[in-house]
Amino acid sequence: MRVWTAIWAIIRKDIGIWLRQPATIAATVLPALAFIIVIYVSAAAVGRNPVDLVALDSGPQASRLVDTLRHSDAFVVKRVTTPDQAQRDLRGLAVAAVITIPSNFDSAYAARLPDPVTIEINNLNLDFTNDLRRSLPAAITAFYGAQPASPIHVTVAETDIRAQDISLAQFELVPDLALLLTIAGVVNTGLATAREWEDATIKELLLAPISRTTLIAGKLLAGWLTTLLVGGIVLGVGAVTGALRPQGVYWLSTLLVVAMIAASSCGLGVALGAVMRSFQGVAVVGITLALYLFFLSGGVSVIAFLPDWVQTIAHFIPTFYGVHALQMAIFYNSSDQLGQDLLALVLTGFLTVTLGALALRRRAAIA
């Protein structure tokens, strides 16, 4: 009972200090929050480039094409305007392109003659340019395909692997959650450990009638519970908003993966705190390391779509397996490769916790 009382006292102390340290909370939350903002802003731009539409024909077919272009998922029609205004918008970077429907569109359509729709693109960015190059032909194909006597005799049969579509912004929230858990574990546990040396309170702990094992367990559990608190708040908000809401039994796998990521990052944080014994040093190294893990685990793209050398490195990054397991559970109600993911996380957690315990024990022995 005395051992558990001592562990609980260390936990309460570290969590209490963390709650009274705005700088520590900011160091934990702000990097992940910044990436959420970047993700949402970037997702709003990807595939939804603003364009001006110039309709020089007001016939029924031209009007149907205008309606088709307005409802395209590939770009946003900012307005239907005049040629002069469209050119001013294009030169002023108010739009990425100008789409023009010719004045003889309906008559050419009725005569089954070519009636080209033109697009003038500001190719300042190849990614945006290629989106527009592909999207206009797709929209025109959809227009002709919807006609009663369509000249297009090819139809597309789409078969989705997943049961539902996930937006880019929503998909990127899972790597951001892994980033938050990594930073919370590494930084909070590392700072709580380093603070003992900066404030010289480590001597009081070492002189207390408790074993080194009790001290190490208290430090690790305090960081782990703090990290779980942060992760629980994020999952709760995600469940309420519907952005991160696993179903049924997949809540269990989600919480298990979150707990394992938290344990791995806490072990690493204790090791950093014991070795560096500096508040600023732990914060800089911990956040930098967490960001590298974020990018290498699919923080900005699907790993399978990245260069081969990045994919090879990713398979040695523990958060890669955590992100995959969370995406399967939260978005797709799937346990695909869950055993492999959990094995990688368990081994990582064991190694980092052991490393943290050994580093703290050794540093305490020479304090």
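Calculation criteria
Residues numbered from 1 in each chain as written. Predicted model: local features only at pLDDT ≥ 70, side-chain atom pairs only at ≥ 80, totals over all residues. Heavy atoms only, no water. Pairing = 2+ DSSP bridges. Helix = DSSP H or I, 4+ residues; strand = E, 2+ residues; numbered from the N terminus. Axes fitted to C-alpha atoms, helices over the stretch in contact; angles between N-to-C directions. Contact = heavy atoms within 4.5 Å. Buried < 20%, exposed > 50% of the residue type's maximum accessible area, 1.4 Å probe, protein only. Arc of directions from axis to C-beta. Right-handed = clockwise from strand over helix to strand, strands pointing away. Salt bridge = Lys/Arg side-chain N within 4 Å of Asp/Glu carboxyl O. Left-handed = near helix turned anticlockwise from the far one by under 90°. Nonpolar A, V, L, I, M, F, W, Y, C, P; charged D, E, K, R; others polar. Core = buried A, V, L, I, M, F, W, Y, C linked by side-chain atoms within 4.5 Å. Phe/Tyr/Trp six-rings, centres within 6.5 Å; stacked < 30°, edge-to-face > 60°. Lys NZ or Arg CZ within 6 Å of the ring centre and 35° of its normal.

*Asks:* What am I meant to see in the sheet that holds strand S1 (residues 49-55) here?
*Replies:* Two modes of strand pairing occur in sheets, parallel and antiparallel, and in both the strands are linked by backbone hydrogen bonds. Across the sheet, which stays open at both edges, the four strands sit in the order S2-S1-S3-S4 with mixed pairing between neighbours. A strand with exactly one partner marks an edge of an open sheet, and here the two such strands are strand S2 (75-80) and strand S4 (118-121). Going from strand to strand, the sheet's axes swing by 30 degrees on average, the running direction of each strand aside. In this structure, strand S3 (residues 97-101) lies alongside S4, joined through four bridges in antiparallel fashion. Residue pairing for S4: Val 98 is matched across the bridge by Glu 120. Together, S1, S2, S3 and S4 form the strand contacts of helix H4 (residues 83-91), whose direction differs from that of S1 by roughly 160 degrees.

*Asks:* Looking at this structure, how should I read the environment of Gly 242?
*Replies:* Inspection of the secondary structure puts Gly 242 in the loop between helix H9 (212-241) and helix H10 (250-276). Each C-alpha atom of the pair Gly 242 and Gln 170 lies 9.8 Å from the other, and the pair is 72 residues apart in sequence.

*Asks:* Help me understand H4, please; the structure alone is not making it clear to me.
*Replies:* The α-helix advances 3.6 residues per turn, and as a result positions three or four apart in sequence lie on the same side. Within H4 the residues assigned to the buried category are Gln 85, Ala 86, Asp 89 and Leu 90. One side of H4 holds all its buried residues, which, seen down the axis, span an arc of 140 degrees. Opposite the buried face of H4, at more than 90 degrees from it, the exposed residues are Asp 84 and Arg 91. The secondary structure elements touched by the buried residues of H4 are S1, S2, S3 and S4. The first or second residue beyond H4 is Leu 93, which carries a positive phi of 60 degrees.

*Asks:* How do you make sense of the pairing of S1 when you look at a structure like this?
*Replies:* The side chains of a regular strand alternate between both faces of the sheet. Most of S1 sits out of view: five of its seven residues are buried. Bridging between S1 and S2 involves five bridges; their strand directions are parallel. Within the sheet, the bridge partner assigned to Asn 49 lies in S2 and is Phe 75. Assessed by its sense of winding, the connection that carries the chain from S1 through helix H3 (residues 60-70) to S2 is right-handed.

*Asks:* What is the right way to read the pattern of salt bridges from this model?
*Replies:* Here the idea is simple: oppositely charged side chains can pair when their charged atoms come close. Scanning the entire structure with this criterion turns up six salt bridges. A salt bridge links Asp 14 to Lys 13, with the shortest nitrogen-to-oxygen separation between them at 3.0 Å. Here Asp 14 falls in the buried class, since its relative accessible area comes to 6%. The partly exposed category is assigned to Lys 13, whose relative accessible area is 29%. Taking the shortest distance from any N to any O, the salt bridge between Lys 219 and Asp 14 comes out at 3.1 Å. Note that Lys 219 is positioned in helix H9 and Asp 14 in helix H1 (residues 2-19), a separation of 205 residues in sequence. Like Lys 219, the residue Asp 14 is buried in the burial classification. When salt bridges that share partners are traced, they join Lys 13, Asp 14, Glu 196 and Lys 219 into one network.

*Asks:* Help me out: how do you make sense of the packing of H10 against helix H11 (residues 279-296) in this one?
*Replies:* In a packed pair of helices, the relevant descriptors are the angle between the two axes and the axis-to-axis distance. At their nearest, the axes of H10 and H11 sit 10 Å apart, and the two run at 145 degrees to each other. The way H10 lies across H11 gives a crossing that is right-handed. In this structure, H10 contributes Leu 268, Leu 272, Gly 273 and Met 276 to the contact, and H11 contributes Gly 281, Val 282, Val 285, Gly 286 and Leu 289. Here the contact of H10 with H11 is composed, by residue class, of six nonpolar, three polar and no charged.

*Asks:* Please explain the nonpolar core as it appears in this structure.
*Replies:* Soluble globular proteins tend to pack their nonpolar side chains together in the buried interior. One finds Val 174, Leu 244, Val 257, Ile 261, Leu 326, Ile 330 and Phe 331 to be the most contacted residues of the largest nonpolar core, which totals 22 residues. Residue assignment for this core shows that the elements contributing at least two residues are helix H7 (168-198), H10, helix H13 (318-332) and helix H14 (338-365). The element contributing the most residues to this core is H13, with seven residues. Excluding residues within four positions of it along the chain, Leu 244 makes contact with Leu 173, Val 174, Leu 235, Gly 238, Ala 239, Ile 330 and Phe 331.

*Asks:* Sorry if this is basic, but what is going on with the packing of aromatic side chains here?
*Replies:* Going through the model one piece at a time under the given rule, you end up with eight aromatic pairs. When the ring of Phe 294 is compared with that of Phe 295, the centres are 5.3 Å apart and the planes differ by 65 degrees; the resulting orientation is edge-to-face. According to the relative accessible area criterion, Phe 294 is buried, its value standing at 2%. Between the aromatic rings of Phe 331 and Tyr 332, the centroid separation amounts to 6.1 Å while the plane-to-plane angle is 70 degrees, which identifies the pairing as edge-to-face. Given a relative accessible area of 18%, Tyr 332 falls into the buried group. In textbook terms, an aromatic cluster arises when at least three aromatic residues are bridged by ring pairs, as seen for Phe 105, Tyr 109, Phe 143 and Tyr 144. One Lys or Arg, Arg 162, reaches over the ring of Tyr 332 and ends 4.5 Å from the middle of that ring.

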